[in-house]
Structures are given as structure tokens and as C-alpha cells.
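# Residue-level structural notes
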Amino acid sequence: GDSVTQMEGPVTLSEEAFLTINCTYTATGYPSLFWYVQYPGEGLQLLLKATKADDKGSNKGFEATYRKETTSFHLEKGSVQVSDSAVYFCALRLAYNTDKLIFGTGTRLQVFP
Amino acid sequence: EAGVTQFPSHSVIEKGQTVTLRCDPISGHDNLYWYRRVMGKEIKFLLHFVKESKQDESGMPNNRFLAERTGGTYSTLKVQPAELEDSGVYFCASSEQGYEQYFGPGTRLTVT
């Protein structure tokens, strides 16, 4: 069935380190892909998205490229800050007749000064 | 503009009791969704309302769960009777047709 797999956390980094959180998916057709972020005590926020192959989503220094050949949508940031500490969720939305989002398990990122 | 709000933020109940969760979507959003995250696993879709109609309820786990959206505004999700495996965080989201889903902060349900 349709699913999203992302790397387990927590990911622990020092400030200004490079971040990669891996995400791969299984889906029929051409889904849209998303990264959501949940800061402590808050709801999920859309961080970035890509709707077709080779699209690059970007926001707040984060980037992810829709790779259809590898069915991946890895999240990257060149220099993380303490304020980036949060849980990151990769998600997809199928292309046909549905609005529901299918999420991965989430990856907790902890950034220390 | 107010975001999606959920009430309560946290509920602790005993097995066999009833709990009702409430979601107030962003004003004007016809689409309302319920999701839940159980024990640190993935966030799973429960159901989708368009106005007051259930568009997709394929994710509802069993008939102990009842969702309503009378009048197409706020929605309630009732669990009756609650079981231990129902513990988790219940998220509500709303959207305009074809646009981004905006999520609430979630309700943490603990069944003891």
C-alpha cells in the first residue's frame, strides 16, 4: 500500500551542522510530497512541498527535491540552529481523488549550542 | 485570523469511559480532517468532512469512534467506550478546497 518511511530519531546535532533527514515513499501514480514540522507545544506546520518530479521545495533554509527515480524526498539544511529543534514529518498526498495525507513516523531533531 | 483550535489539550480517562474531542476549524474552511498519532508512530488519517458531509471515513478504526460536524462548522470526535489502544494525540486540520491543510495543536488522550 501507499506509505512513507523516514529515518528514526532522534537526530542530535551541534549548531551550524549540516542536516539530512531521509524520506522515501511508496505510492501509485504521482503523489505530492510534503515536509511538516511540529515545534514543542504547537501543531503541525507545513514546511515545504513539491508536486512533481524534480521539483525542489524550500523554506527557512530547508530544501527537499522530489526524486521519482529513487522515490525519495530527503530534507536538508546547510546550517541548523537551536530553534530548528522539532519533530519533522514527511508526508504524501495521492494524486487521485483524495485529500488525505499519509505520514511517516516523524524524526525528532535536537540541536545543541 | 485564528488558527485551528482543539479542546481539550489533554484528557485522561479510564478504560470504558467516554471522551469527546472538539475541533474548531479556520473560519470559511469547508474541509475538516481528523488524524491521530499513536505511541510515537506515524500520523494516521481518520476521516475527512466537506462541510457537514463525510467525504472519506476510511481511516476510522472501528465503531467505537463517532465523528460529527453539525452545521459544517466545528467537529466532534467521540470515543465510546475508550480502550487502552486509543491513547495517542488526535490532530484536526482544515483547508479550503485544494489548498494546504492547517493543523491544530492536537489533543493528547490517555486511557488508563
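Residues numbered from 1 in each chain as written. Chains lettered and ligands numbered in written order. Predicted model: local features only at pLDDT ≥ 70, side-chain atom pairs only at ≥ 80, totals over all residues. Heavy atoms only, no water.

## A few points about the sheet that holds strand β3 (residues 19-24) of chain B
Note on sheets: strands pair through backbone hydrogen bonds, and any given pair is parallel or antiparallel. Residue and element names in this part refer to chain B. Taking strand neighbours across the sheet as the criterion, the four strands line up as β1-β3-β8-β7 in an open arrangement whose pairing is antiparallel. In this open sheet, the two strands that pair with only one neighbour each are β1 (5-7) and β7 (65-68). Between one strand axis and the next, the sheet turns by 15 degrees as a mean value, whatever way the strands run. (Pairing = 2+ DSSP bridges. Helix = DSSP H or I, 4+ residues; strand = E, 2+ residues; numbered from the N terminus. Axes fitted to C-alpha atoms, helices over the stretch in contact; angles between N-to-C directions.)

## Some points on the interface of chain B and chain A
A common measure of how large an interface is: the accessible area buried when the components associate. Taken residue by residue, the interface counts 19 residues in chain B and 16 residues in chain A. A buried area of about 1400 Å², summed over both sides, lies between chain B and chain A, and 54% of it is on carbon and sulfur atoms. Across the contact surface, chain B and chain A share zero salt bridges. Where chain B meets chain A, there are four residue pairs in polar contact (both at pLDDT 80 or more). Those elements giving two or more residues to the side of chain B that touches chain A turn out to be β4 (31-37) and β5 (43-50) of chain B. Ranked by residue count, the leading element in the side of chain B that touches chain A is β4(B), at four residues. (Contact = heavy atoms within 4.5 Å. Buried area = accessible area lost by both parts, 1.4 Å probe. Salt bridge = Lys/Arg side-chain N within 4 Å of Asp/Glu carboxyl O. Polar contact = N/O pair within 3.5 Å; in protein donor to acceptor, adjacent residues only side chain to side chain.)

## Focus: the packing of aromatic side chains
For the structure shown, the criterion picks out eleven aromatic pairs over all chains. Where A:Phe89 meets A:Phe103, the ring centres are 6.2 Å apart and the plane angle is 90 degrees; that geometry is what we call edge-to-face. Here A:Phe89 is found in strand β10 (residues 86-93), whereas its partner A:Phe103 is found in strand β11 (residues 101-103), with 14 residues between them in sequence. According to the relative accessible area criterion, A:Phe103 is buried, its value standing at 2%. Each member of the aromatic cluster is reached from another via a ring pair, and the members are A:Phe34, A:Tyr36, A:Phe89, A:Phe103, B:Tyr33, B:Tyr35, B:Phe45 and B:Phe103. (Phe/Tyr/Trp six-rings, centres within 6.5 Å; stacked < 30°, edge-to-face > 60°. Buried < 20%, exposed > 50% of the residue type's maximum accessible area, 1.4 Å probe, protein only.)

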